[in-house]
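These are the residues of each chain, in order.
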Amino acid sequence: MGQCMGRFDGRVALVTGAGEGIGLEIARQLALEGARVLLNDIDGGRASVAAACIGASDGDCRPFAGDAGDVAVIRKMVATAVDSWGRLDFAVANAGLTLYGDFFDYEPAALERVLNLNLRGSFFLAQAAARQMRVQGEGGRILLMSSVTGLQAVHHLEAYGMTKAALRMLARSLVHDLSPHGITINSIAPGAILTPRNLADDPEFETTWGNEIPVKRVGLAVEIAAAALYLLSPEAAYVTGQTLVVDGGWSATSPLPGQITYRNEGDPT
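Residues numbered from 1 in each chain as written. Predicted model: local features only at pLDDT ≥ 70, side-chain atom pairs only at ≥ 80, totals over all residues. Heavy atoms only, no water.

Draft legend 1. Highlighting the pattern of salt bridges. Counted by the stated rule, this structure contains eight salt bridges. Of the charged contacts in the structure, one is a salt bridge between Arg87 and Glu138, with a shortest N-O distance of 2.9 Å. Here Arg87, found in the loop between α3 (71-85) and β4 (90-93), pairs with Glu138, found in the loop between α4 (108-136) and β5 (140-145); they are 51 residues apart in sequence, far enough to count as distant. Residue class for Arg87 comes out buried when judged on its relative accessible area of 16%. A salt bridge links Glu223 to Arg217; its shortest N-O distance comes to 2.6 Å. Among the ionic contacts, a cluster of salt bridges with common partners joins Arg11, Arg87, Asp89 and Glu138. (Salt bridge = Lys/Arg side-chain N within 4 Å of Asp/Glu carboxyl O. Helix = DSSP H or I, 4+ residues; strand = E, 2+ residues; numbered from the N terminus. Buried < 20%, exposed > 50% of the residue type's maximum accessible area, 1.4 Å probe, protein only.)

Encoded structure:
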């Protein structure tokens, strides 16, 4: 059975950190709407399973294992997408890492890890993708993944929040460089989203956070994917340098649950 025509038919996308959660859902929705997707995850097995799952739904998706904070890996990802399908139209810098910790005890090694993936990885993916899009001469879309923790302070997320705020500024700053080439760049700031990572971190995540959000529930990965697909679509051609907050109204009121115990590392969005 052939793939149905969709609004992204003939387009090629690269999505990092897409083995599960938000990245996986963005990759899935792009493929379902006709895009060819290179799906990256640092865990090769997870990337392969995710790509196979999308392929089973009639999507054209290939896995790429590697550290999305490594510049050599980033450049190889872009080259692989072009070698596979002849072009690159969308780059989604979804991969991210957070290491919770008390500011007074935070170690240089932990900060370096967070900065390397969240900022270095996003910056150089945008650069590598934009270089390819500039050569193609047909424009393109770049999407960064910020967070509401880049808008509102959350205790023990100082390092993570700092990087997510920086990504909002990166999206604004690159408007100067990318607009002449027809490339838009935006970011999304998700709030509390139901993902495997968040459930592993807090089995009561839905209740813990849902009670504090104005709409009285946590968000779903598919809702972030819907925002992403809009910003990648032709309808968003006049939208660039912006950050779309998708958080059920949380950042408007910013209440925190009374007790949160974090156990795992990873990107809470």
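Next comes the rest of the description.
Draft legend 2. Broad picture of the packing of helix α1 (residues 21-32) against helix α9 (residues 221-232). The geometry of α1 relative to α9 is characterised by a closest axis approach of 8 Å and an angle of 55 degrees between their N-to-C directions. Considering their axes alone, α1 and α9 lie oblique with respect to each other. For α1 against α9, the interelement crossing comes out right-handed. In contact with Gly21, Ile22, Glu25, Ile26, Gln29 and Leu30 of α1, α9 contributes Ala221, Val222, Ile224, Ala225, Ala228, Leu229 and Leu232. When its residues are assigned to classes, the contact of α1 with α9 shows ten nonpolar, two polar and one charged. (Axes fitted to C-alpha atoms, helices over the stretch in contact; angles between N-to-C directions. Parallel < 35°, antiparallel > 145°, perpendicular 65-115°, else oblique. Left-handed = near helix turned anticlockwise from the far one by under 90°. Contact = heavy atoms within 4.5 Å. Nonpolar A, V, L, I, M, F, W, Y, C, P; charged D, E, K, R; others polar.)

Draft legend 3. Just the nonpolar core, in detail. Of all hydrophobic cores here, the largest spans 32 residues; its most connected members are Val15, Ile26, Leu30, Val37, Leu39 and Ile188. When residues of this core are traced back to their parent elements, those giving at least two are β1 (12-15), α1, β2 (36-41), α2 (44-56), β4, β5 and α9. With eight residues, the top contributor of residues to this core is α9. Not counting residues up to four positions away in its chain, the partners in contact with Leu30 are Phe8, Ala13, Val15, Ala35, Val37, Phe90, Leu229 and Leu232. (Core = buried A, V, L, I, M, F, W, Y, C linked by side-chain atoms within 4.5 Å.)

Draft legend 4. Representation of the environment of Asn198 within the structure. Residue placement: Asn198 occurs in helix α7 (residues 196-201). When the C-alpha positions of Asn198 and Arg134 are compared, they lie 37 Å apart, and in sequence the two are 64 residues distant.

Draft legend 5. Here's a closer look at α1. Between its first and last C-alpha, α1 extends 17 Å over twelve residues, near the 16 Å set by a 1.5 Å rise per residue. Buried residues dominate α1, accounting for ten of its twelve residues. Among the residues making up α1, those that are buried are Gly21, Ile22, Gly23, Leu24, Glu25, Ile26, Ala27, Gln29, Leu30 and Ala31. One or two steps after α1, the chain reaches Gly34, where phi turns positive at roughly 105 degrees. (Expected span 1.5 Å × (residues − 1).)

Draft legend 6. Looking closely at the pairing of β1. Residue alternation in β1 divides its side chains into two sets, Val12 and Leu14 and Ala13 and Val15, and both sets are buried. In terms of strand pairing, β1 meets β2 through four bridges, oriented parallel. The partner of Leu14 across the bridge, within β2, is Leu38. In terms of handedness, the path from β1 via α1 over to β2 forms a crossover that is right-handed. Pairing between β1 and β4: three bridges, direction parallel. Bridge pairing in β4 links Leu14 to Ala91. (Pairing = 2+ DSSP bridges. Right-handed = clockwise from strand over helix to strand, strands pointing away.)

Remember, this is a structural readout, not a statement about activity or role.
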